[in-house]
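Results of the structural survey
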Amino acid sequence: MSKRKTIIAEDALVSLLQSKDQRGFSILYDNYSSALYGVILKIVRSEEIAADVMQDAFVKIWKNIEGYNRTKGTLFTWILNVARNTAIDRIRSQEFQNSQKNQDLDSSINFIDNQGSSQFDVDAIGIRKVVENLRPEHQQMIDLLYFQGYTQAEVAEEFNIPLGTVKTRVKAAVVQLRQYFLQAGLISLFSILEKWI
Amino acid sequence: MNIQEYIESGIIENYVLGATTAGESAEVERMALEYPDIQKEIEAIKTSLENYAIQYEKEPPAFLKDKIMGELFSGQSAIGSQQSAVGGRQLMSDNNIDKEIVSLRTSSSQRSIFRMAASWALLALSVGANIWFFKNWKNSEEKLVALESQNQILAKEGKALKASYNEEVAILQNPDFKVIKLIGQKDSPTSTAMVYFDKKQQSVYLSSLNLPQAPTGKQYQLWAFVDGKPVDAGLIDQNGNILKMKQFAKVEAFAISLENTGGSTTEAGPKGTVYVVGAV
């Protein structure tokens, strides 16, 4: 299917989806599938499982779209959470654990990194920029909590880091991310201005 | 409850990361409803994390869309020819939805118009600021030039004054000079002036003029009385500084009169009022 994204206001897309219009789904998929797929792949670390989780996630989105409410946040926030939770549920499931049981957690973290560098090389320019701006221990916190669904206590226990340190790192990581995207936002604002001057 | 402390506590990060318990999440949501600052904080963190997540975006395998749509819409035809297969209700509303898409596309182009407008506004703001700064700079520049020329004038005046005082001091310290005080006459009793007269060098200097401002068309003139007759000793065209006048070897008295501009001649003699007189 085409990569082309349809420019559509979120309200319109939501009302298309909530009226169960197939075109709404098609637009939703075209516009958001790469973002969701990237996140799912980052969590499950297997293209095969990622495709399966994608399908589950989109089915859930389609079936629960009536429950989506603008006041709770953007459509993207909502579908990203559905995809993320579906993926995290999968890696926590017995089936997944069995297939991965030869790997302990430490090596699986390395595995992410190694795989990440070969797998995402086309789209990696953006990631590298952020990762360069993020200290490794901060990135690890975000990845464990956001992509692996760990709680802070679990991270502390699993990696033998004091809970206080985990909290500090999470806080610092989020601050760093915010600063980075604020800068990126300013830069893009200037590039827009440049175009018009 | 201190909102800042609550924000600093790190619970909001955990909430957005999905690492809070159900109870904690409910509390954060309750707080967000109550305090807009907390809501803002949640939105900002959410946006950052979503931006971060988007960095990992990757094109899914091409077959996946058809597979998912097949699962969801099995029994219905593919997207291209859906109109024949979808239900009547949808068929009826299709037109409306198309309109809706069109109108919402417009609204997205309105957004880009808004962006453009924002860019122009920023540009205008920046141009405005530049004009303001330029004006200020120009203003300062003009003031500076004015001050510089004023300074030059003052320096010149100071230099002239210094030269004239040096001259006067030199005269006063020279024993050959005789100092003659010219005294005010009946028309102007308070007027005074000083003449320094050196017989040997035949030099006459006029100084310390204390005369009323000459009216327009009028000018003061110094007279030297030689053998009882007034002789033109020079026109006075400056106030304050020491003036070198015409040379004389023998003078009995000096006087200053107010004449028409250009003065009077020795032959005609002083025609106007005599202001001050002093005998040698």
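Residues numbered from 1 in each chain as written. Chains lettered and ligands numbered in written order. Predicted model: local features only at pLDDT ≥ 70, side-chain atom pairs only at ≥ 80, totals over all residues. Heavy atoms only, no water.

1. Focus on the overall build of chain A
Let me state the cut-off plainly: Only runs of H or I of at least four residues qualify as helices and only runs of E of at least two qualify as strands under DSSP, and these elements are numbered from the N terminus. To sort residues, take the accessible area from a 1.4 Å probe on protein chains only and compare it with the maximum for the residue type: under 20% means buried, over 50% means exposed, and anything in between is partly exposed. For this analysis, residues touch if any pair of their heavy atoms sits within 4.5 Å. Accessible areas in this description were obtained via Shrake-Rupley with a 1.4 Å probe; residue shielding takes into account the shown protein chains only.
Counting its secondary structure elements, chain A contains ten helices and zero strands. The N-to-C order of helical and strand elements in chain A reads α-α-α-α-α-α-α-α-α-α. Taken across its 197 residues, chain A has 52% of its residues classed as buried. At a minimum sequence separation of 6, the contacts of chain A that also span at least 24 residues come to 66%. Of the roughly 9,800 Å² of accessible surface on chain A, 52% is carried by carbon and sulfur atoms.

2. With respect to the layout of surface pockets
We apply this condition: Detection works on a 1 Å grid of protein atoms alone, calling trapped sets that fit a 1.4 Å probe cavities and calling open sets with protein on both sides within 12 Å along at least five of seven lines pockets, with lining residues defined by an atom within 4 Å of a point. Grid points are joined across faces, edges and corners, and a volume is the space filled by probe spheres set on the points. Each residue gets one label: Ala, Val, Leu, Ile, Met, Phe, Trp, Tyr, Cys and Pro are nonpolar, Asp, Glu, Lys and Arg are charged, and the others, such as Gly, are polar.
As a volume, the largest pocket reaches approximately 860 Å³. What lines the largest pocket is a set of 34 residues, and nearest its centre among them are A:T77, A:N81, B:Y15, B:E29 and B:K46. Elements supplying a minimum of two residues to the lining of the largest pocket: helix 4 (75-92) and helix 8 (136-147) of chain A together with helix 2 (11-17), helix 3 (22-34) and helix 4 (36-54) of chain B. Classifying every residue of the lining of the largest pocket by side-chain character gives 14 nonpolar, eleven polar and nine charged.

3. Comments concerning helix 4 of chain A
Heads up, the condition is: Multiplying one less than the number of residues by 1.5 Å gives the expected span of a helix.
With 18 residues, helix 4 of chain A should cover 26 Å at 1.5 Å per step; its first-to-last C-alpha distance of 26 Å lies within 8% of that length. Among the 18 residues that make up helix 4 of chain A, 14 are buried, leaving the element largely enclosed by the rest of the structure.

4. Side note on helix 9 (residues 152-159) of chain A
All names here are of chain A. Heads up, the rule is: The arc in question is formed by the directions pointing from the helix axis toward the C-beta atoms.
Buried within helix 9 we find Q152, V155, A156 and F159. For helix 9, the buried positions fall inside an angular range of 100 degrees around the axis, keeping them on one side. Following helix 9 by one or two positions, N160 adopts a phi angle in the positive range, close to 55 degrees.

5. Examining a nonpolar patch on the surface
We apply this condition: Without a salt bridge and with relative accessible area above 30%, a residue can belong to a patch; like charges are then joined within 9 Å and nonpolar side chains (Val, Leu, Ile, Met, Phe, Trp, Tyr) within 5 Å. Should a side-chain nitrogen of Lys or Arg be within 4 Å of a carboxyl oxygen of Asp or Glu, the pair is scored as a salt bridge.
A cluster of nonpolar side chains, namely A:L186, A:L189, A:F190, B:L122 and B:L125, defines an oily patch on the protein surface of about 470 Å² accessible area. Looking at the nonpolar patch, the elements that each hand over two or more residues are helix 10 (163-196) of chain A together with helix 7 (88-173) of chain B. Per element, the largest residue contribution to the nonpolar patch is three residues, and it comes from helix 10 of chain A. Here B:L122 is to be found in helix 7. Overall, the relative accessible area of 36% leaves B:L122 in the partly exposed class.

6. Side note on the packing of helix 4 of chain A against helix 8 of chain A
Residue and element names in this part refer to chain A. This is how it is decided: Whenever a helix is involved, its axis is fitted only over the stretch in contact; in every case the axis is a line through C-alpha atoms, and angles between N-to-C directions fall within 0 to 180 degrees. With respect to orientation, any angle under 35 degrees is reported as roughly parallel, any angle over 145 as roughly antiparallel, any angle of 65 to 115 as roughly perpendicular, and every other angle as oblique.
Here helix 4 crosses helix 8 at 90 degrees, and the two axes come no closer than 10 Å. Put simply, helix 4 runs roughly perpendicular to helix 8. Across the interface between the two elements, L80, R84 and I88 from helix 4 touch L145, Y146 and F147 from helix 8. Tallied by class, residues from the contact of helix 4 with helix 8 come to five nonpolar, no polar and one charged.

7. With respect to the pairing of strand 5 (residues 229-236) of chain B
Residues and elements named next belong to chain B. The criterion, for reference: The pairing criterion is simple: DSSP has to find at least two bridges between the two strands.
Pairing between strand 4 (residues 218-226) and strand 5: seven bridges, direction antiparallel. The residue of strand 5 that forms the bridge with A224 is V231. As consecutive antiparallel partners, strand 4 and strand 5 are separated by two residues, and within that stretch D227 has a phi angle of approximately 50 degrees, a positive value.

8. Thoughts on the pattern of salt bridges
In total, this model carries 16 salt bridges over all chains according to the counting rule given. A salt bridge links A:K42 to A:D143, with the shortest nitrogen-to-oxygen separation between them at 3.3 Å. Taken as a pair, A:K42 in helix 2 (residues 22-44) and A:D143 in helix 8 lie far apart in primary sequence, 101 residues in all. In this structure, B:K246 and B:D232 form a salt bridge, with 2.8 Å as the shortest nitrogen-oxygen distance. Linking B:K246 in the loop between strand 6 (243-244) and strand 7 (253-260) with B:D232 in strand 5, this pair joins segments that are 14 residues apart in sequence.

9. A look at the nonpolar core
This is how it is decided: Here, nonpolar core means buried Ala, Val, Leu, Ile, Met, Phe, Trp, Tyr and Cys residues that are tied together by side-chain atoms lying within 4.5 Å of each other.
Within the largest apolar cluster, 85 residues are counted, with the highest numbers of intra-cluster contacts made by A:F25, A:L36 and A:L75. Of the residues forming this core, the biggest block, 13 residues, is contributed by helix 2 of chain A. Here A:L75 is in contact with A:E10, A:L13, A:V14, A:L17, A:L28, A:Y32, A:I65 and A:Y68, once residues within four sequence places are set aside. In terms of nonpolar packing, the next biggest core, distinct from the first, is built from 23 residues, B:A193, B:L243, B:F254 and B:L258 among them.

10. Details of the confidence of the model for chain A
Residues and elements named next belong to chain A. Filter applied, for reference: Residue-level confidence of the predictor, termed pLDDT, takes values from 0 up to 100.
This prediction gives chain A a mean pLDDT of 78; 76% of its residues lie at or above 70. For chain A, the element scoring lowest by mean pLDDT is helix 6 (residues 105-119), at 43; helix 3 (residues 47-64) scores highest, at 93. Of the regions scoring below 50 in pLDDT, residues 104-127 engages in 27 contacts with residues more than four places distant in sequence or in other chains.

11. Some remarks on the confidence of the model for chain B
Mean pLDDT over chain B works out to 81, with 85% of the residues at or above the 70 mark. Confidence drops under pLDDT 50 across residues 77-94 of chain B; counting only partners more than four residues distant or on other chains, this segment forms 23 contacts.

12. Concerning the pairing of strand 7 of chain B
Residue and element names in this part refer to chain B. Across the eight residues of strand 7, seven count as buried, placing the element largely inside the fold. Two elements, strand 4 and strand 7, share eight bridges in a ladder whose sense is antiparallel. Looking at strand 7, one finds that Y220 is bridged to L258. Two elements, strand 7 and strand 8 (residues 274-279), share five bridges in a ladder whose sense is antiparallel.

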